[in-house]
Amino acid sequence: MAEAADFQGMVPSPARRWLRRTAGLLVGAPVLAGLLYLPAAAPAQAAEDATGSRTVDVSLDALTPGAPVEGDEVTVSGTVTNRGKEAITDAHVGIGVGPRLSSRAAIDAVDQRSQEADARAPAELGGKFTKKFATLPAGISEDFSITVPVDKLDLDDQGVYQLGVSLSGQTQSRPYEQTLGVRKTFLPWQPEATEKKTQLTYLWPLISSTHVTAETGSDEQQTPVFENDNLGAELAPGGRLNQLVSLGNELPVTWVVDPDLLATVNAMTESYQVKSQDGETTVPGKYQTVANRWLSDLQKAVSGRKVVALPFADPDLASLAHRGKDVPGSLSHLRRATDVAATAVKSILHTEPSTDFAWPVNGAVDPSVVDVATSAGAHNVIARSDSLHETGGLPYTPTAARPIGGGTNAVVADARLSTAFEGDMAKAGDSTLAVQKFLAQTLAVTLQDQEKQRSVVVAPQRLPSASQAQSMASALHSLDAQRWSQPLDLVAAAKAKPDARATTDVPGPASYPRSLSKQELPAKAFQDIKATQDKLDNFKVILTAPDRVVTPFGNAINRAMSTSWRGSEPKAQEYRDGVQSYLVSLTDEVQLIQKSDATLSGRSATVPVTVQNQLVQGVEHLVLRLKSTKPTRLKLDGDQSVAELPVKIAGGHSQSVKFTATANANGPVPVTAQLYTEDGTPYGRQMEFTVDVNEFTPTVMLVIAGGVLLLVLAGIRMYTQRKRAAAREEANGDDGDGDGGDGGDTDGGADGGDDSEQPSDPTPDTGPESGAPSGTGEKVDR
């Protein structure tokens with residue numbers, strides 16, 4: 001933020017304080033004179049120390065109270081560690097208070113030199129306000145604690161003072177008194193409450209990464225399947241989310257929640273499954289009790305408080321704006337994610353949330369980000385002051401809310417305060433320094449213009465760790481006395497009267513931080529999402545209970561756009577692939593059963609095609625289309641090359657769909673079968689098989705073969721009979737020649753009788769082949 005009054009340096013102390021410090025310097029003059037007569041190498045060594053060379057680390061692990069008032073005692077506790085190679089003798093830890101700092105920029109400057117023993121370092125109080133160590137061996141740490149009454153710290157006018165803790169001593173190579181380590185922090189001094197306090201809005205984010213897959217059980221409850229059970233550890237006592245709820249319960253904050261987190265934890269309160277390490281099987285989840293307790297605690301914590309609901313799964317607004325808005329349908333997901341947010345929060349937390357806020361990553365905005373952020377109905381965009389820079393030369397930090405056009409407000413969070421706890425707060429020393437700097441900056445904001453009350457918003461990191469949350473809570477508790485600030489919820493802060501001189505110009509696209517741009521989801525992510533949505537749209541129209549599929553996959557699509565994927569594109573791609581793969585596996589549960597080549601026996605027959613539904617629910621609104629590629633040889637449904645029949649199958653069943661086929665000529669005919677939705681969209685894979693057209697049925701062939709066999713047998717009989725007759729004639733001829741009296745017998749009477757008894761051709765036992773078509777009841781073999 002622009003701060004014309006932020007001069008680098010310190011504010012001079014009042015006259016009486018100056019006199020006391022001058023007297024102290026005169027008392028210390030002999031020591032200074034002694035330093036002037038050190039051996040030749042000593043001046044160089046002393047100069048080296050003055051530039052910041054140190055061998056001792058000084059850690060300030062606790063400073064209580066962080067913002068003292070008259071009558072208090074300030075206790076500073078910490079640890080000194082000798083990092084050098086030599087032991088330190090005659091060592092002591094001292095505490096001192098430096099000049100009052102004039103501005104927020106001066107606070108930043110001191111913070112950057114917090115371990116430098118420069119000329120502006122606070123002078124020690126000395127005397128009993130020290131902690132002595134006879135020897136501090138190399139590599140050894142020692143704890144210290146020093147308590148000083150406030151009236152001994154020479155705190156005069158209200159403001160922010162330097163507080164320095166240093167270790168002094170001597171080593172064998174440097175046998176003289178020297179400062180070997182220092183740590184500077186800040187001591188805000190506001191003995192009496194100001195009349196116009198800064199209105200401070202602190203966002204308390206309840207957001208997590210994606211844990212739920214698109215898979216659900218086939219039972220009535222649709223038991224959810226989790227990628228892992230890591231969320232349970234965050235909800236358990238001591239976990240990150242557990243700490244956020246327990247700490248936030250006692251703080252005047254505005255809760256900013258991701259409805260997806262609430263829905264996920266709510267699912268954990270009942271039966272849920274977790275994928276095993278092999279990814280092929282699932283095991284029961286084990287955090288039902290923890291999830292129930294966490295939700296109960298959260299419901300109590302937000303009761304009567306302001307709750308802001310982000311769109312479901314916290315979509316990455318900047319990625320949508322820069323990479324996704326040109327992919328058809330991408331922005332529609334943001335609208336649905338916003339619509340479902342209020343319902344989810346209200347049903348789970350039993351409170352009415354505000355959905356009027358959009359929160360881009362780190363509050364970084366440009367025109368496209370603002371357009372996307374407001375496309376789903378939000379009227380307030382949470383920006384940050386290091387993105388929406390002040391250009392008007394204001395000598396103070398302006399109120400957070402300001403109009404940026406089109407009926408949209410930017411709520412500009414203070415960058416210094418919002419990033420105060422982004423570091424590793426696991427170490428007590430780092431946490432203490434962060435808390436004191438936060439308090440110093442808030443007091444400096446108030447003192448910039450004590451005649452003008454302003455509203456300041458703090459938007460911390462989205463996923464604060466447990467230690468970061470503890471540091472944030474410690475800082476806010478230090479403001480409980482409300483001497484220079486007072487809490488204000490985000491909804492009220494957005495309605496605060498804007499400063500007429502504050503900037504309202506949204507920075508251009510070129511100003512968007514490259515470091516954030518590199519972490520955005522790629523355009524391919526939104527193309528994958530569109531492909532999944534198209535498959536889902538094609539699938540849901542055939543289902544008798546579409547909500548069982550639309551809801552879990554719709555949520556999975558929203559999760560695929562989550563801000564939590566930033567910087568983790570390989571994992572994000574794996575998640576998107578998993579969602580689409582599972583959807584394809586479900587659509588494949590409704591399919592055509594592959595048919596083997598078939599033979600059409602006769603001129604007319606039925607061709608059956610089997611459709612299988614292995615889903616739990618029934619399917620309908622499907623059409624099976626059969627196509628003959630050679631209609632001159634095989635026609636369908638009377639005189640067509642294509643025939644269609646509706647398909648409706650109960651869950652877990654199959655249906656045989658029968659088509660009438662008519663043969664015109666013999667030979668093989670390739671046939672294709674394809675399922676379609678009622679609007680003509682192909683569904684599933686096409687199936688191909690061959691129908692071999694043949695007019696002679698097996699029955700006819702058997703009859704003909706039988707007739708031929710009878711004819712052959714009849715011929716054999718006739719041949720045998722004639723051969724016998726010929727033999728008799730020959731025998732009779734031989735008798736006539738020998739007797740002479742038998743001549744009357746040669747007249748052939750007997751022969752005539754034999755000839756009249758010759759059998760005729762046998763009558764066929766089959767009728768003539770009919771040229772009429774065979775019956776329609778015949779079936780085609782698969």
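Values in this document were obtained by computation on a predicted structure and should not be read as measured data.

Undergrad: Looking at this structure, how should I read the overall build of the protein chain?
TA: Helix and strand counts for the protein chain stand at 21 helices and 30 strands. Classification of the 782 residues of the protein chain by burial places 47% in the buried group. In the protein chain, 79% of the contacts between residues at least 6 apart in sequence involve partners at least 24 apart. If you sum the accessible surface of the protein chain, you get close to 36,500 Å²; carbon and sulfur atoms cover 51% of it.

Undergrad: Honestly, the sheet that holds strand β2 (residues 56-64) in this entry has me stumped. Any pointers?
TA: Two pairing modes exist for strands in a sheet, parallel and antiparallel, and in both the strands are linked by backbone hydrogen bonds. Sheet architecture is open: 3 strands sit in the order β2-β3-β6, paired in antiparallel fashion. The open sheet terminates on both sides in strands that have one partner only, identified here as β2 and β6 (141-149). Neighbour-to-neighbour, the strand axes of the sheet open up by a mean angle of 20°, direction not taken into account. Pairing of β2 with strand β3 (residues 73-82), which is carried by 8 bridges, proceeds in the antiparallel orientation. Bridge pairing links Ser59 to Thr79 in β3.

Undergrad: Which parts of the structure should I look at to understand unusual backbone geometry?
TA: Residue Pro65 follows Thr64 across a cis peptide bond; omega there is -15°. For Pro65, the location among the structural elements is in the loop between β2 and β3. One non-glycine residue, Asp154, lies in the positive phi region at around 55°. By secondary structure assignment, the location of Asp154 is in the loop between β6 and β7 (159-170). On the basis of relative accessibility, which here comes to 18%, the residue Asp154 falls in the buried class.

Undergrad: What is the right way to look at the packing of aromatic side chains in this model?
TA: Overall, the coordinates contain 6 aromatic pairs when judged by the stated rule. An angle of 50° between the planes, with centres 4.8 Å apart, marks the rings of Phe226 and Tyr272 as tilted. Of this pair, Phe226 sits in strand β11 (residues 224-226) while Tyr272 sits in the loop between α7 (259-268) and β13 (273-275); the two residues are 46 residues apart in sequence, bridging distant segments of the chain. Neither Phe226 nor Tyr272 differs from the other in exposure class; each is buried. Geometrically, the ring pair formed by Trp565 and Tyr575 is tilted, given 5.4 Å between the ring centres and 35° between the ring planes. Pair noted here: Trp565 is in the loop between α18 (547-559) and α19 (569-587) and Tyr575 is in helix α19, with a separation of 10 residues, a long-range link. A relative accessible area of 12% means that Trp565 is categorised as buried. Overall, the relative accessible area of 10% leaves Tyr575 in the buried class. Across the ring face of Trp359, the terminal group of Arg462 is positioned such that the distance to the ring centre comes to 4.4 Å.

Undergrad: What's the story with the sheet that holds strand β23 (residues 598-601) in this structure? I'm lost.
TA: The sheet built from 5 strands is open, its strands ordered β23-β30-β29-β25-β27 with mixed pairing. The open sheet has two free edges, formed respectively by β23 and β27 (642-649), since each of these has just one partner strand. The sheet shows a mean angle of 30° between the axes of neighbouring strands, taken without regard to direction. Two elements, strand β25 (residues 619-628) and β27, share 7 bridges in a ladder whose sense is antiparallel. Following the sheet pairing, Arg625 is matched in β27 by Glu644.

Undergrad: Help me understand the environment of Leu241, please; the structure alone is not making it clear to me.
TA: Within the fold, Leu241 resides in helix α6 (residues 240-248). When the C-alpha atoms of Leu241 and Pro464 are compared, they prove to be 9.1 Å apart, with 223 residues separating the residues in sequence. Not counting residues within four places of it along the chain, the set of residues in contact with Leu241 comprises Leu206, Ile207, Ser208, Leu231, Glu234, Leu235, Leu261 and Trp294.

Undergrad: When you look at the pairing of strand β28 (residues 653-663) in this model, what are you seeing that I'm missing?
TA: Sheet faces and side chains relate simply in a regular strand, where the side chains alternate between the two faces. As paired strands, strand β24 (residues 604-613) and β28 are joined by 10 bridges and run antiparallel to one another. In the strand pairing of β28, Ser604 is matched with Thr662. As paired elements, strand β26 (residues 634-636) and β28 share 3 bridges and run antiparallel to each other. Following the sheet pairing, Leu634 is matched in β28 by Ala663.

Undergrad: Would you mind showing me how to read the pattern of salt bridges here?
TA: Two side chains bearing opposite charge may form a pair once their charged atoms approach each other closely. Scanning the entire structure with this criterion turns up 23 salt bridges. Between Arg566 and Asp316 there is a salt bridge, with the nearest N and O atoms lying 2.7 Å from each other. Of this pair, Arg566 sits in the loop between α18 and α19 while Asp316 sits in the loop between β15 (307-309) and α9 (317-324); the two residues are 250 residues apart in sequence, bridging distant segments of the chain. No difference in accessibility class separates Arg566 from Asp316, as the two residues are buried. Asp528 serves as the salt-bridge partner of Arg576, at 3.3 Å between the closest nitrogen and oxygen. With Arg576 in helix α19 and Asp528 in helix α17 (residues 523-540), this residue pair connects regions lying 48 residues apart in the sequence.

Undergrad: Hey, could you run me through the packing of helix α13 (residues 428-448) against helix α14 (residues 466-477) in this one?
TA: Geometrically, a packed helix pair is captured by the angle between its two axes and the distance between the axes. Interaxial distance between α13 and α14 falls to 9 Å at its minimum, and their mutual angle equals 40°. Here α14 runs oblique to α13, going by the angle between their axes. Along this stretch, α13 crosses α14, giving a crossing that reads as right-handed. Contacts from Ser431, Val435, Phe438 and Leu439 in α13 reach Ser471, Ser474 and Ala475 in α14. Its residues placed into classes, the contact of α13 with α14 shows 4 nonpolar, 3 polar and no charged.

Undergrad: Got a minute to help me understand the environment of Pro122 in this structure?
TA: Among the secondary structure elements, Pro122 is positioned in the loop between α4 (104-112) and β5 (130-136). Judged by its relative accessible area of 14%, Pro122 falls in the buried class. Considered as a pair, Pro122 and Gly98 are 24 residues apart in the sequence and their alpha carbons are 4.1 Å apart. When neighbours within four sequence positions are excluded, Pro122 is seen to be in contact with Gly96, Val97, Gly98, Gln162, Leu163, Gly164 and Lys184.

Undergrad: Help me out: how do you make sense of the side chain of Ser455 in this one?
TA: Mapped onto the elements, Ser455 comes out in strand β20 (residues 455-458). Ser455 has contacts with Gln199, Pro398, Thr399, Ala400, Leu488, Ala493 and Ala496, leaving out every residue within four places of it along the chain.

Each value, and the rule that gives it
- Residues numbered from 1 in each chain as written.
- Predicted model: local features only at pLDDT ≥ 70, side-chain atom pairs only at ≥ 80, totals over all residues.
- Heavy atoms only, no water.
- Helix = DSSP H or I, 4+ residues; strand = E, 2+ residues; numbered from the N terminus.
- Buried < 20%, exposed > 50% of the residue type's maximum accessible area, 1.4 Å probe, protein only.
- Contact = heavy atoms within 4.5 Å.
- Areas by Shrake-Rupley, 256 points an atom, 1.4 Å probe, with all protein chains shown as cover.
- Pairing = 2+ DSSP bridges.
- Axes fitted to C-alpha atoms, helices over the stretch in contact; angles between N-to-C directions.
- Phe/Tyr/Trp six-rings, centres within 6.5 Å; stacked < 30°, edge-to-face > 60°.
- Lys NZ or Arg CZ within 6 Å of the ring centre and 35° of its normal.
- Salt bridge = Lys/Arg side-chain N within 4 Å of Asp/Glu carboxyl O.
- Parallel < 35°, antiparallel > 145°, perpendicular 65-115°, else oblique.
- Left-handed = near helix turned anticlockwise from the far one by under 90°.
- Nonpolar A, V, L, I, M, F, W, Y, C, P; charged D, E, K, R; others polar.

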